[in-house]
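Single-letter residue listing:
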Amino acid sequence: MSMCWRPNPSAPLWDVEENDEPVGPFFRDLQLNHIVQSGPTCVPTTLAMVANATGADVGPEDFMSIINSQSPHTWSKALEPYGLQLAYCNQDLRRLDYYIDELIDYDDLFLVSFYSIDPPSDPDVNGKLCTSHIVTLHRGQIYDTAKKGAAGVSSANQYSRLERPTKRIFRVVPRGHPRCL
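Keep in mind it's a predicted model, so treat the numbers as computed, not measured.

Q: Requested: an account of the overall build of the chain, with residues and values cited.
A: A tally of helices and strands in the chain yields four helices and six strands. Its C-alpha atoms give the chain a radius of gyration of 17 Å, near enough to 16 Å, the size a compact globule of 181 residues would have. In terms of its C-alpha atoms, the chain occupies a principal-axis envelope of roughly 60 × 45 × 30 Å. Within the chain, the fraction of its 181 residues that count as buried is 44%. The long-range share in the chain, meaning contacts at least 24 apart out of those at least 6 apart in sequence, stands at 67%. By element, 49% of the accessible surface of the chain is carried by carbon and sulfur atoms, the whole surface being about 9,800 Å². Of the charged side chains in the chain, 16 are positive and 22 negative; the average position of the first set lies 4 Å away from that of the second.

In structure tokens:
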């Protein structure tokens, strides 16, 4: 039998694999309060903001000693006590504006990481590719911990950094979800 399989270059950010898997939206009623980061702490500040939305009283310093800023598995583990975990979404290096409408349509809670500049083809001599940043997307709003005041919360499709290339996209899922990290 001749195989006629061809690669499929497209996939939804959140494809449904099993009929009995919970698909969400999971966090429509969550109330996020914007937190401004101090220094290069976007990951622990973002985690604290999401955890505080569950009614916990935590700050970025509560996450600093238990996560590695380059290890999403540690971020997911750190969110477990708050009833949350992370799940990877299908994505590649396309710019955020390519994904933003699909993310908004899910009407849920996501962490979106992007490169602060266009990444070079190779890392520098220390192994660093370039700086990156992470923001929270909840129900069509982006919460950016690097921005102060009203500038820290914006409509997702009006966010000022949609031209940035994607590093990672995570869906925040209830603890124990089949796809969690």
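The discussion continues.
Q: Account for the pairing of strand 6 (residues 166-174), naming residues and giving values.
A: Along strand 6, eight of the nine residues are buried, which leaves the element largely enclosed by surrounding structure. Alignment of strand 1 (residues 84-88) against strand 6, held across five bridges, turns out to be antiparallel. Along strand 6, the bridge assignment pairs Gln-85 with Val-173.

Q: Explain the layout of surface pockets to me, and be specific about the residues and the numbers.
A: Approximately 360 Å³ is the volume found for the largest pocket. As for the largest pocket, its lining consists of 20 residues, of which Cys-42, Ser-69, Gln-70, Ser-132 and Lys-167 are closest to the centre.

Q: So what about the sheet that holds strand 3 (residues 132-138)? Which residues, and what values?
A: Read across the sheet, six strands follow the order 1-6-2-3-4-5 without closing on themselves; strand pairing throughout is antiparallel. Of all strands in the sheet, those bounded by a partner on one side alone are strand 1 and strand 5 (153-155). Taken over all neighbouring pairs, the strand axes of this sheet differ in orientation by 30° on average, direction set aside. Sheet topology note: the strand 2 (residues 109-115)/strand 3 ladder contains seven bridges and is antiparallel. Residue pairing for strand 3: Leu-111 is matched across the bridge by Thr-136. Across the sheet, helix 3 (residues 72-79) touches strand 1, strand 3 and strand 6, and the angle it forms with strand 1 is around 155°.

The rules behind each value
- Residues numbered from 1 in each chain as written.
- Predicted model: local features only at pLDDT ≥ 70, side-chain atom pairs only at ≥ 80, totals over all residues.
- Heavy atoms only, no water.
- Helix = DSSP H or I, 4+ residues; strand = E, 2+ residues; numbered from the N terminus.
- Rg over C-alpha atoms; globule rule 2.2 N^0.38 Å.
- Buried < 20%, exposed > 50% of the residue type's maximum accessible area, 1.4 Å probe, protein only.
- Contact = heavy atoms within 4.5 Å.
- Areas by Shrake-Rupley, 256 points an atom, 1.4 Å probe, with all protein chains shown as cover.
- Lys, Arg positive; Asp, Glu negative; His and termini not counted.
- Charge placed at Lys NZ, Arg CZ, Asp CG, Glu CD.
- Pairing = 2+ DSSP bridges.
- 1 Å grid on protein atoms, 1.4 Å probe; cavity = no way out; pocket = protein on both sides within 12 Å on 5 of 7 lines; lining within 4 Å.
- Points joined across faces, edges and corners; volume = space filled by probe spheres on them.
- Axes fitted to C-alpha atoms, helices over the stretch in contact; angles between N-to-C directions.

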